[in-house]
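If you want the building blocks of each chain, they are given just below.
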Amino acid sequence: REIPGINKSLPGIKQTNQKNPDNVDFADTIKDFLDTVNNDQKIGGKSVQQIIMGESENLAEAMTKLEESNLSFQLMLEIRNKLVDAYKDINRMQV
């Protein structure tokens, strides 16, 4: 079953089971997302470093990459916060 609003072609989202495309491993999805956020952070840092070192003069592109990395990091933090809240809610449930 497909989750509404999730585009399977986005970086960091992959199918783990080719026989059954509806079976996606949650841990792999989270790992791929974290890898994508890490790569965005590296690209943003490298673009700023190139500006500082004088290797690039395209400040607008560097700022865009830096802002993209910031937004992906903020998204990751919000997802983490929601997962922690869900975990706490489950622990508070009485059986």
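Before any of the text, the structure's been laid out above.
From a predicted model like this one, the values you see are computed outputs, not experimental measurements.

Q: Help me understand helix H1 (residues 26–53) in this model?
A: For the α-helix, the turn length of 3.6 residues means that residues three or four positions removed from each other point alike. Between its first and last C-alpha, H1 extends 41 Å over 28 residues, near the 40 Å set by a 1.5 Å rise per residue. Those residues of H1 lying buried are Asp32, Thr36, Val37, Gly44 and Ser47. Where H1 is buried, its residues meet helix H2 (59–92).

Q: I tried to follow the side chain of Ser72 on my own but got confused; where do I start?
A: Considering the arrangement of structural elements, one finds Ser72 in helix H2. Residue classification places Ser72 among the buried positions, given a relative accessible area of 12%. At a separation of 3.0 Å, a polar atom in the side chain of Ser72 contacts the main-chain carbonyl oxygen of Ser69. Ser72 has contacts with Phe33, Val37 and Asp40, leaving out every residue within four places of it along the chain.

Q: Whenever I open this one, the pattern of salt bridges confuses me. Can you help?
A: When their charged atoms lie close together, side chains carrying opposite charge are able to pair. For the structure shown, the criterion picks out 3 salt bridges. With a shortest N-O distance of 3.1 Å, Glu61 and Lys65 are connected by a salt bridge. Note that Glu61 and Lys65 are positioned in helix H2 at a spacing of 4 residues, about one turn of the helix. Given a relative accessible area of 38%, Glu61 falls into the partly exposed group. Here Lys65 falls in the partly exposed class, since its relative accessible area comes to 29%. One salt bridge connects Asp89 with Arg92, and the closest N-O pair in it is separated by 2.8 Å. With Asp89 and Arg92 both in helix H2, this residue pair falls 3 residues apart, about one helical turn. Taking relative accessible area as the criterion, Asp89 reaches 42% and is therefore assigned partly exposed.

Cut-offs used in this document
Residues numbered from 1 in each chain as written. Predicted model: local features only at pLDDT ≥ 70, side-chain atom pairs only at ≥ 80, totals over all residues. Heavy atoms only, no water. Helix = DSSP H or I, 4+ residues; strand = E, 2+ residues; numbered from the N terminus. Expected span 1.5 Å × (residues − 1). Buried < 20%, exposed > 50% of the residue type's maximum accessible area, 1.4 Å probe, protein only. Contact = heavy atoms within 4.5 Å. Polar contact = N/O pair within 3.5 Å; in protein donor to acceptor, adjacent residues only side chain to side chain. Salt bridge = Lys/Arg side-chain N within 4 Å of Asp/Glu carboxyl O.

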